[in-house]
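# Analysis of the macromolecular model
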Amino acid sequence: MISTRTRILTDPVEAAGLLREGKLVAFPTETVYGLGADATNPLAVERVYRAKGRPGDNPLIVHLAGAEQIEEVAAEVPEAASWLLEAFAPGPITVIVPRGPSIVPAVSAGLETVGVRVPAHPVARAVLKAAGIPVAAPSANRSGRPSGTTWQAVLADLDGRIDGLLMGERPEVGIESTVVDCSGPVPAVLRTGGISLEQLRDVLPGIMARGERLDASPGTRHPHYAPTARVTVVDAPRPRDGAAYIGLQQPEPGYVITEVVPDLESYARTLYAFFRKADSVGVKQIDCERPPASGIGVALRDRVVRAEAASDR
Ligand code: TXA
Ligand code: MG
């Protein structure tokens with residue numbers, strides 16, 4: 001047994017009770033762990049920003065047990081949002097819609113819109129259903145660090161800063177949800193993620209890709225996803241003493257730790273935990289094979305390129 005200041009929970013109903021009392025509880029979703037708080041409670045929402053050390057201009061996503069509950073948190077539900085939820089919820093999609101009065105403004109960092117997501121992970125669904133309230137949940141990590149994809153990562157960043165951690169199966173997807181702004185005339189991808197552009201275009205052929213519109217999610221302007229080690233995106237492994245490598249190609253001997261993944265899905269699932277593992281053994285350099293720019297590879301490439309940019313600062 002490890003000793004923690006944050007309570008380790010196994011019962012979603014107990015976790016839901018804490019959330020209803022205004023407490024902070026982390027829980028697994030199919031993308032990454034979320035750090036949950038009652039989205040209708042200003043003090044609870046304020047504590048989320050403090051626990052993470054998150055800039056106050058970066059809005060939180062509201063998590064719901066079912067897509068039909070969007071009516072309770074949105075001022076209006078644009079057609080594009082309904083179609084996306086119908087196609088991909090529960091799952092790794094977040095729709096940005098006009099914010100309704102039940103959601104405290106701090107959730108949206110003062111914006112008139114709110115991000116809404118219905119996670120697919122059975123433990124997330126159970127806690128949301130038992131809580132019966134909209135739950136604001138950013139990724140469960142200290143701001144700027146890689147998102148938590150294991151309970152150990154969540155504790156490493158947040159032990160003692162949050163009230164509870166609900167255990168569950170490890171996130172399947174491993175990178176965050178795709179964020180689509182549905183509040184304007186043309187839906188636009190603000191953050192790439194677990195649902196690919198190809199999948200989105202099947203539902204909304206006119207959707208704008210990430211970058212086609214000049215703005216992005218506020219969160220994508222902040223340094224993000226960065227381990228302590230320097231990250232370099234490489235086209236092929238180039239073994240170096242003392243360095244770590246993750247990618248699909250098998251490297252020659254030389255790296256101290258390697259993670260050779262069979263496919264892009266496994267790459268996404270392991271990336272953040274690999275960053276943290278490299279940091280924990282004191283590696284100073286991480287080489288990441290450049291993912292192809294299609295399917296989940298687009299979101300994965302965004303994460304590794306941004307980790308590289310963060311190490312160049
Ligand atoms: O997969 C996920 O989305 C995970 C799990 C826990 O659900 N959550 C997550 O939350 O990644 P967070 O807070 O780490 O990232 C939320 C992203 C940020 O880039 C934020 O700027 C954007 O969503 N966002 C949230 N509300 C927004 C809004 N109203 N307008 C524009 N962007 C918004
Ligand atoms: Mg985050």
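The notes below deal with the structure included here. (Residues numbered from 1 in each chain as written. Chains lettered and ligands numbered in written order. Predicted model: local features only at pLDDT ≥ 70, side-chain atom pairs only at ≥ 80, totals over all residues. Heavy atoms only, no water.)

### Observations regarding the site of ligand 1
Taken together, 27 residues surround ligand 1, and among them Thr 31, Asn 58, His 63, Ser 177 and Gly 219 come closest. Arg 54 is positioned with one of its side-chain polar atoms (N or O) 2.8 Å from an oxygen atom of ligand 1. Take Arg 191: an N or O atom from its side chain is 2.9 Å from an oxygen atom of ligand 1. When ligand 1 is considered free in solution it has 670 Å² of accessible area, and contact with the protein chains removes 98% of it. Top element by residues in the shell around ligand 1 is strand 6 (residues 113-117). It accounts for 4 residues. Of the residues contributing to the shell around ligand 1, the split by class is 13 nonpolar, 10 polar and 4 charged. (Near = heavy atom within 4 Å. Polar contact = N/O pair within 3.5 Å; in protein donor to acceptor, adjacent residues only side chain to side chain. Areas by Shrake-Rupley, 256 points an atom, 1.4 Å probe, with all protein chains shown as cover. Helix = DSSP H or I, 4+ residues; strand = E, 2+ residues; numbered from the N terminus. Nonpolar A, V, L, I, M, F, W, Y, C, P; charged D, E, K, R; others polar.)

### So, the environment of Leu 128
One can find Leu 128 in helix 5 (residues 122-131). Placed 113 residues apart in sequence, Leu 128 and Ala 15 show a C-alpha to C-alpha distance of 9.4 Å. In contact with Leu 128, other than residues within four places in its own chain, are His 63, Leu 64, Ala 65, Pro 119 and Val 135. (Contact = heavy atoms within 4.5 Å.)

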